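Descriptive structure summary
For reference, the chains in residue letters:
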Amino acid sequence: MQPFKRLLWPQLARGLFGTPVTDPAPAVAEGVVQALRDRLEESAQARLGRSLSIRQVDCGSCNGCELEINALQNVVYDLERFGLRFVASPAMPMCCW
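Source: prediction; values computed, not measured.

The method is simple in principle: a probe with the dimensions of a water molecule rolls over the atoms, and the space it marks as empty is what remains. Reported here for the largest pocket is a volume of approximately 360 Å³. Around the largest pocket, the lining comprises 13 residues; the ones closest to its centre are Leu40, Glu41, Ala44, Phe82 and Gly83. Residue contributions to the lining of the largest pocket peak at five residues, all from helix H2 (residues 30–47). When grouped by side-chain class, the residues that make up the lining of the largest pocket number six nonpolar, three polar and four charged. Its boundaries defined by the atoms lining it, the second largest pocket holds a volume of some 170 Å³. Tallying contributions element by element places helix H3 (residues 64–72) first for the lining of the second largest pocket, with three residues.

Listed below in structure tokens is the structure:
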């Protein structure tokens with residue numbers, strides 16, 4: 001058991017405190033992002049004319065989707081500032097998901 005512990009802890013420490021092995025995100029110019037945002041805003045306003053209300057229907061799951069949707073409404077992501085709302089009543093949505 002001792003040799004196993006000696007090998008496990010250094011590897012665990014490297015995994016926890018080392019740098020990630022992922023590539024950095026590609027650099028995108030701010031002007032490109034702003035132009036894309038403006039185009040998306042114009043397209044959404046032309047098609048919808050206002051904010052979008054979405055009704056999410058759960059057909060039996062592990063509640064992972066519900067947790068993610070609730071996380072989209074918290075202070076960090078706050079999708080409502082972009083005009084997207086998840087509603088509880090089936091009479092209120094503009095689309096169902």
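Proximity of charged atoms lets side chains of opposite charge pair with each other. Tallying each qualifying case throughout the model produces one salt bridge. Residues Arg37 and Asp38 are paired through a salt bridge, measuring 3.5 Å at the closest nitrogen-oxygen approach.

Looking now at the pairing of strand S1 (residues 52–55). Strand residues, when the strand is regular, have side chains that alternate between the two faces of the sheet. Pairing of S1 with strand S2 (residues 84–86), which is carried by three bridges, proceeds in the parallel orientation. Following the sheet pairing, Ser53 is matched in S2 by Arg85. For the crossover that starts at S1, traverses H3 and ends in the parallel S2, the hand is right-handed.

So, on to the environment of Gln73. Along the chain, Gln73 falls in the loop between H3 and S2. Separated by 11 residues in the primary sequence, Gln73 and Leu84 place their C-alpha atoms 9.3 Å from one another.

The end-to-end C-alpha separation of H2 is 26 Å, in line with the 26 Å expected for 18 residues at 1.5 Å each. Counting buried positions along H2 yields zero of 18 residues, so the element is predominantly exposed. One or two steps after H2, the chain reaches Gly49, where phi turns positive at roughly 80°.

We now examine unusual backbone geometry. Even without being a glycine, Asn63 presents a positive backbone phi close to 70°. By the element assignment, Asn63 lies in the loop between S1 and H3. Given a relative accessible area of 43%, Asn63 falls into the partly exposed group.

Another aspect to go through is the state of the cysteines. Tallied over the entire structure, the rule returns zero disulfides. With no disulfide partner, Cys62 has as its closest neighbouring cysteine sulfur the one in Cys65, 6.5 Å distant. Judged by its relative accessible area of 73%, Cys62 is exposed.

The rules behind each value
- Residues numbered from 1 in each chain as written.
- Predicted model: local features only at pLDDT ≥ 70, side-chain atom pairs only at ≥ 80, totals over all residues.
- Heavy atoms only, no water.
- 1 Å grid on protein atoms, 1.4 Å probe; cavity = no way out; pocket = protein on both sides within 12 Å on 5 of 7 lines; lining within 4 Å.
- Points joined across faces, edges and corners; volume = space filled by probe spheres on them.
- Helix = DSSP H or I, 4+ residues; strand = E, 2+ residues; numbered from the N terminus.
- Nonpolar A, V, L, I, M, F, W, Y, C, P; charged D, E, K, R; others polar.
- Salt bridge = Lys/Arg side-chain N within 4 Å of Asp/Glu carboxyl O.
- Pairing = 2+ DSSP bridges.
- Right-handed = clockwise from strand over helix to strand, strands pointing away.
- Expected span 1.5 Å × (residues − 1).
- Buried < 20%, exposed > 50% of the residue type's maximum accessible area, 1.4 Å probe, protein only.
- Disulfide = S-S within 2.5 Å.

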